[in-house]
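Residues per chain, in single letters:
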Amino acid sequence: METIGDLKTRTIVSNIRKIREFRNYTQDYLAAKLQISQNAYSKIE
C-alpha cells in the first residue's frame, strides 16, 4: 500500500522531470549545475 509520503515524492519527482524536459535541460547539465554526478541525479529523478 502506498503512503501519502510516497505519493508526494512521486509527484515532486515527476514535476522535476517535466520542468527539466520543458526547458530542454539534460540530466547531465542539471547534475553539473548541482555539482553532483549524472548518475546521482538520475537516481533522484
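The present account deals with the structure reproduced in this document. (Residues numbered from 1 in each chain as written. Predicted model: local features only at pLDDT ≥ 70, side-chain atom pairs only at ≥ 80, totals over all residues. Heavy atoms only, no water.)

Description of the packing of aromatic side chains
Under the criterion given, the structure shown has one aromatic pair. Ring plane angle 45° and centroid distance 4.9 Å describe the contact between Y25 and Y29, whose orientation is recorded as tilted. Looking at Y25, the relative accessible area reads 31%, which means it is partly exposed. (Phe/Tyr/Trp six-rings, centres within 6.5 Å; stacked < 30°, edge-to-face > 60°. Buried < 20%, exposed > 50% of the residue type's maximum accessible area, 1.4 Å probe, protein only.)

Concerning the side chain of R20
Position of R20 among the secondary structure elements: in helix α1 (residues 4-22). For R20, the side chain forms a polar contact with the side chain of E45, separated by 2.8 Å. When residues no more than four places from it in sequence are discounted, the contact partners of R20 are Y25, T26, Q27, L30, Y41 and E45. (Helix = DSSP H or I, 4+ residues; strand = E, 2+ residues; numbered from the N terminus. Polar contact = N/O pair within 3.5 Å; in protein donor to acceptor, adjacent residues only side chain to side chain. Contact = heavy atoms within 4.5 Å.)

Some words on the pattern of salt bridges
In this structure the tally under the stated criterion is four salt bridges. Residue R20 is joined to E21 by a salt bridge in which the shortest nitrogen-to-oxygen separation is 4.0 Å. In this structure E21 comes out as partly exposed when scored by relative accessible area, which is 41%. In this structure, a network of salt bridges that share partners links the residues R17, R20, E21 and E45. (Salt bridge = Lys/Arg side-chain N within 4 Å of Asp/Glu carboxyl O.)

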